[in-house]
Amino acid sequence: MKELKLSDYRADVDRLITYIPWLESKVGSTVSHLYNDNDLSSSTVTFPVYDSTLLSFINDANSTGLMDTNYVYAISEYGLKTHDDERNAISEATVKDGALLSGILSKYVLGGMTRGTVWNEAVTEGIFLAVLKKMKQLLEIWDKPLA
C-alpha cells in the first residue's frame, strides 16, 4: 500500500476543514431526504435529495489528492468493520496513518457515488467530521496551525 504523507496534501486538507463547523452541526441528523412528488405514481423510483453543503463538500473532497480508489485495502488492513472501529482507528491515528485516514474518507465519498445512503451515514455517524479533525490535528502537530 502506498504511504500517504498528509503534509503533501496540506492545501487539500485546508480546503476541507472549512466544512468542520457544518459537519459538527449535522452529526446525528439527516442531510438528505427522498424526493416525493404526490403527482407521481407509486411505481416511480424515488431518489435522494442532498443538502447543498454536503454536495459541495463531496465535490471538494472528490477533487483532492486524498481520494484513493483502492480504499478497501487500506480499511481491510486495519480490520475495520463498523463505525465504532473506524472512529477508534481515526482517534488513534498518527502521522504515519495518512493512508488510513484517506481510505476512510474515500470509502464514504466514493462509496456515496453508487449507494445513496453512504454520504448521509458518514455525516450522521460523524465519520467525515472525525477524519477532518484528525487530519487537521496531525498537520498542526507536525507543521504549523491550520485556519
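Here we summarise the structure given alongside this text. Because the structure is a prediction, the values reported are computed rather than measured.

**Description of the packing of helix 3 (residues 52-62) against helix 6 (residues 98-111)**
Direction vectors running N to C along helix 3 and helix 6 enclose 120 degrees, while the axes themselves pass 10 Å from each other. Between helix 3 and helix 6, the interaxial angle falls into the category oblique. The element helix 3 and its partner helix 6 pack so that their crossing is left-handed. Mapping the contact onto sequence places Phe57, Ile58, Ala61 and Asn62 in helix 3 and Leu105, Val109 and Leu110 in helix 6. Across the contact of helix 3 with helix 6, the residue classes tally to six nonpolar, one polar and no charged.

**As for helix 3**
Among the residues making up helix 3, those that are buried are Leu54, Phe57, Ile58 and Ala61. Down the axis of helix 3, the smallest arc covering the buried residues is 100 degrees, so these residues share one side. Among the exposed residues of helix 3, those pointing more than 90 degrees away from its buried face are Ser52 and Asn59. N-cap assignment for helix 3: the residue whose side-chain oxygen lies 2.7 Å from the backbone N of Thr53 is Asp51.

Rules and cut-offs
Residues numbered from 1 in each chain as written. Predicted model: local features only at pLDDT ≥ 70, side-chain atom pairs only at ≥ 80, totals over all residues. Heavy atoms only, no water. Axes fitted to C-alpha atoms, helices over the stretch in contact; angles between N-to-C directions. Helix = DSSP H or I, 4+ residues; strand = E, 2+ residues; numbered from the N terminus. Parallel < 35°, antiparallel > 145°, perpendicular 65-115°, else oblique. Left-handed = near helix turned anticlockwise from the far one by under 90°. Contact = heavy atoms within 4.5 Å. Nonpolar A, V, L, I, M, F, W, Y, C, P; charged D, E, K, R; others polar. Buried < 20%, exposed > 50% of the residue type's maximum accessible area, 1.4 Å probe, protein only. Arc of directions from axis to C-beta. Polar contact = N/O pair within 3.5 Å; in protein donor to acceptor, adjacent residues only side chain to side chain.

Remember, this is a structural readout, not a statement about activity or role.
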